[in-house]
Amino acid sequence: MRGSVPGLPSPHPIGALLPAVYLEDDFVQRFTAGLDEVLAPVIATLDCLEAYLDPRLAPQDFVEWLAGWTGLPSTGGLAPDRRRALTRRAPDLLRRRGTTAGLRELLTHVLDDDADVTVAETGGGVTYSSVPGRAQVQAVRPVLTVRVSTGDSSRIAAVDAIVASFKPVHMAHRVESLARGEGGQASQDEREDGGDEQKAEGDER
């Protein structure tokens, strides 16, 4: 919560704006001084509102608000400088939501600099029948596969959540991780989303 800032002076003290009869009234001046302390942060914020709307200059807690306004998926644990950079790129990224290029760029912002991200999609298309009246040939169900190589295996759950919120809603997805551990050892972890497939099968019925 943003609140009062102790000691912050008001550029427009209320007491000085009152009619002359109140200028020397000690009680009125002390009373309005208390209001000045409450209103000073509001005035200061309005005076530099443009800075609050710029991810490069806004206070860090306000950057989180800006990210929410743009509709970015949750990227908890992201370093402040990366969060600012990602929020600046949000309008362009969201124009490409649902595309492999947009998803790849989003993941490169979220993951470490040394992480490798590969995004591929298989299947999809339309159903058809070469002979009228016969059963349609079913198209292969589309699947989005994201392969991530990173030294921080704890980020894989975040990657899975981001892919789920950024991919086309009708597609199933699979996240495969190759996490680099101690001594150069590599381990593979696979997360697959079956919820969309089950939903799609229910729709076909």
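Higher on the page you've got the structure.
Note that the structure is predicted; figures quoted are calculated from it, not measured.

Draft legend 1. Representation of the side chain of threonine 32 in the model. Topologically, threonine 32 is positioned in helix 1 (residues 26-47). Every residue in contact with threonine 32, bar those within four places of it in the chain, is listed here: Ile14, Gly15 and Leu18.

Draft legend 2. Looking closely at the packing of helix 5 (residues 100-110) against helix 6 (residues 156-166). It is at 11 Å that the axes of helix 5 and helix 6 come closest, and there the two elements cross at 150°. In terms of axis orientation, helix 5 runs roughly antiparallel to helix 6. Note on packing geometry: the crossing formed by helix 5 with helix 6 is right-handed. Residue-level contacts link Gly102, Leu103, Leu106, Leu107 and Val110 of helix 5 to Val159, Ile162, Val163 and Phe166 of helix 6. Residue classes in the contact of helix 5 with helix 6 are distributed as eight nonpolar, one polar and no charged.

Draft legend 3. Representation of the side chain of arginine 83 in the model. In this fold, arginine 83 is placed in helix 4 (residues 80-95). The class of arginine 83 is buried, set by a relative accessible area of 7%.

Draft legend 4. Expanded view of the pattern of salt bridges. If you walk through the whole model with that rule in mind, you get nine salt bridges. Among the salt bridges present, the one from glutamate 105 reaches arginine 89, with a minimum N-O distance of 2.6 Å. With glutamate 105 in helix 5 and arginine 89 in helix 4, this residue pair connects regions lying 16 residues apart in the sequence. The partly exposed category is assigned to arginine 89, whose relative accessible area is 30%. Close ionic contact of glutamate 105 with arginine 96 constitutes a salt bridge, the shortest N to O distance being 2.2 Å. For arginine 96, a relative accessible area of 25% translates into the label partly exposed. Shared partners join several salt bridges into a network, and the residues in it are Arg89, Asp92, Arg95, Arg96 and Glu105.

Draft legend 5. Region of interest: the nonpolar core. Formed by 24 residues in total, the largest nonpolar core has its most connected members in Leu103, Leu107, Val146 and Val163. Secondary structure elements with two or more residues in this core: helix 4, helix 5, strand 1 (116-122), strand 2 (143-150) and helix 6. When residues of this core are assigned to their parent elements, the largest contribution, five residues, is made by helix 6. Among all residues touching leucine 103, those that are not within four sequence positions of it are Val119, Leu144, Val146, Val163 and Phe166.

Draft legend 6. Region of the structure containing the environment of valine 117. Mapped onto the fold, valine 117 is located in strand 1. Considered as a pair, valine 117 and serine 149 are 32 residues apart in the sequence and their alpha carbons are 6.6 Å apart. Residues contacting valine 117, with those up to four places away along its chain left out, are Arg104, Leu107, Thr108, Leu111 and Arg147.

Cut-off values and rules
- Residues numbered from 1 in each chain as written.
- Predicted model: local features only at pLDDT ≥ 70, side-chain atom pairs only at ≥ 80, totals over all residues.
- Heavy atoms only, no water.
- Helix = DSSP H or I, 4+ residues; strand = E, 2+ residues; numbered from the N terminus.
- Contact = heavy atoms within 4.5 Å.
- Axes fitted to C-alpha atoms, helices over the stretch in contact; angles between N-to-C directions.
- Parallel < 35°, antiparallel > 145°, perpendicular 65-115°, else oblique.
- Left-handed = near helix turned anticlockwise from the far one by under 90°.
- Nonpolar A, V, L, I, M, F, W, Y, C, P; charged D, E, K, R; others polar.
- Buried < 20%, exposed > 50% of the residue type's maximum accessible area, 1.4 Å probe, protein only.
- Salt bridge = Lys/Arg side-chain N within 4 Å of Asp/Glu carboxyl O.
- Core = buried A, V, L, I, M, F, W, Y, C linked by side-chain atoms within 4.5 Å.

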